[in-house]
Amino acid sequence: MSDQSSVNPMRQAIEKAQASALLAIKTVSDLPALRSLSADLNKKDSPLNALKTELGKLNSVDDKRTMGQLLNSASIAVSAALDIRTGEFEQSEISARIVREAMDLSELVTNRRRGHSHIVTQATMRLEDVFIGLGFQIAEGPEVETDFNNFEALNMPKSHPARSEFDTMFLEYGEPGSVLLRTHTSPVQIRVMQSWPPPIYAIMPGRVFRRDTPDATHMPVFHQIEGLVIDRGITFAHLAGTIEAFTKAFFGRDFTSRLRPSYFPFTEPSAEFDIRRQDGEWIELGGCGMVHPNVLVSSSIDPEEFSGFAFGFGIDRMAKERHKVEDIREMYTNDLRFVKQF
Ligand code: DAH
């Protein structure tokens, strides 16, 4: 038999405990406060939990079950409310953080005064595109080089007269005269041959340095691009054909190239190559030739099995020609009135 005299006050007590727990959860101000409230509500002597010990005092089994279920659903409601409130606080913490840590990038998007690549960089990128189209890979080497890579391995031993043509800047590092600022991109050929097994089809653009007084056509720091092909059965005809294909791809269909006999220690035979402009004038572009057997040997490539050709030319000169710049020094003064024209 249900004993209403003890059940009714208990039902009220449960409802009251549940209501006050829910109110406290709803009005708590922040996450730490919610956490300590949650700890309080989970304590054995919290109002709701204390009522569980009261259950034992009921006499009727029915009453115990009814009140037990009521207490249980009150506990579930309270812990659900705790979960929801915790989620709300965490969500608003995340939103606040997003606002707090947001970066205003609108200026970057709307700023119309955007820069662009320097004309030498533009020329280098176009050269790379053309040679990649011809099946070449791009390689790079350091600007500080050894005497070995810059001269010795390129068939210019210590006493070689050609060394004096490269007005070399040496560094005070290691043995005197052993470390320098590379005077051309040719030492990258040596690095490539020493690290890749043939066949090699590579171009090597980069900055080079010579002890030169700046004038309208010279700078002590300038840029070159080197080309190297090493494979079985490579002949001078491949060299001439590559130069011609490059000339047409880079300058246009109505340009042609020619090779003139010349001398470089690292190639044999050697040539200089010129290109003919639309107005019929020839301009000198660079040097080239068949890689000298001594150069192959110094890079541990067997000249009986492999042969190859190489070429090298100045990039600044090409940018100067293309944009009709009078004085090469203008390209490096960083005067915005000049730079912005291109
Ligand atoms: N390194 C030469 C220079 O700076 C240019 C050059 C000539 C590079 C002939 C080559 C070559 O690869 O075969 O004057």
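Structural data are supplied above this passage.
Residues numbered from 1 in each chain as written. Predicted model: local features only at pLDDT ≥ 70, side-chain atom pairs only at ≥ 80, totals over all residues. Heavy atoms only, no water.

Caption draft 1: The arrangement of the overall build of the chain in detail. If you tally the helices and strands in the chain, you get twelve helices and ten strands. Its C-alpha atoms give the chain a radius of gyration of 41 Å, more than 25% over the compact-globule value 20 Å for 342 residues. In terms of its C-alpha atoms, the chain occupies a principal-axis envelope of roughly 120 × 50 × 45 Å. When burial is assessed residue by residue, the chain has 40% of its 342 residues classed as buried. About 19700 Å² of surface is accessible on the chain, with carbon and sulfur atoms providing 54% of the total. (Helix = DSSP H or I, 4+ residues; strand = E, 2+ residues; numbered from the N terminus. Rg over C-alpha atoms; globule rule 2.2 N^0.38 Å. Buried < 20%, exposed > 50% of the residue type's maximum accessible area, 1.4 Å probe, protein only. Areas by Shrake-Rupley, 256 points an atom, 1.4 Å probe, with all protein chains shown as cover.)

Caption draft 2: Summary view of the side chain of Thr242. In this structure, Thr242 sits in helix H9 (residues 236–251). Its relative accessible area of 16% is what places Thr242 among the buried residues. Among the polar contacts made by the side chain of Thr242, one reaches the main-chain carbonyl oxygen of His238 at a distance of 2.7 Å. When sequence neighbours within four positions are dropped, the list of residues in contact with Thr242 reads Phe136 and Phe309. (Polar contact = N/O pair within 3.5 Å; in protein donor to acceptor, adjacent residues only side chain to side chain. Contact = heavy atoms within 4.5 Å.)

Caption draft 3: Highlighting the nonpolar core. Leu127, Phe246, Phe311, Phe313 and Met331 are the most contacted members of the largest nonpolar core, which has 34 residues in total. Mapped onto this core, the elements with two or more residues apiece are helix H6 (119–133), strand S6 (221–231), H9, strand S8 (267–276), strand S9 (282–291), strand S10 (307–314) and helix H11 (315–322). Here the element with the most residues in this core is H6; it accounts for six residues. If sequence neighbours within four positions are ignored, Phe246 has contacts with Leu127, Val130, Phe131, Leu134, Phe251, Leu285, Phe313 and Met318. Formed by 24 residues, the second largest nonpolar core is a distinct cluster that contains Phe151, Met156, Met204 and Leu296. (Core = buried A, V, L, I, M, F, W, Y, C linked by side-chain atoms within 4.5 Å.)

Caption draft 4: Local environment of the pattern of salt bridges. One pass over the structure, following the stated rule, counts 22 salt bridges. In this structure, the salt-bridge partner of Arg232 is Glu305, at a minimum N-O distance of 2.4 Å. Here Arg232, found in the loop between S6 and H9, pairs with Glu305, found in the loop between helix H10 (293–298) and S10; they are 73 residues apart in sequence, far enough to count as distant. Look at Arg232 and you get exposed, because its relative accessible area is 52%. A relative accessible area of 37% means that Glu305 is categorised as partly exposed. Here Lys248 makes a salt bridge to Glu244, at a shortest N to O gap of 2.9 Å. Taken together, the positions of Lys248 and Glu244, both in helix H9 and four residues apart, correspond to about one turn of that helix. Classification of Glu244 as partly exposed rests on a relative accessible area of 25%. (Salt bridge = Lys/Arg side-chain N within 4 Å of Asp/Glu carboxyl O.)

That's the geometry; what it means functionally is another story.
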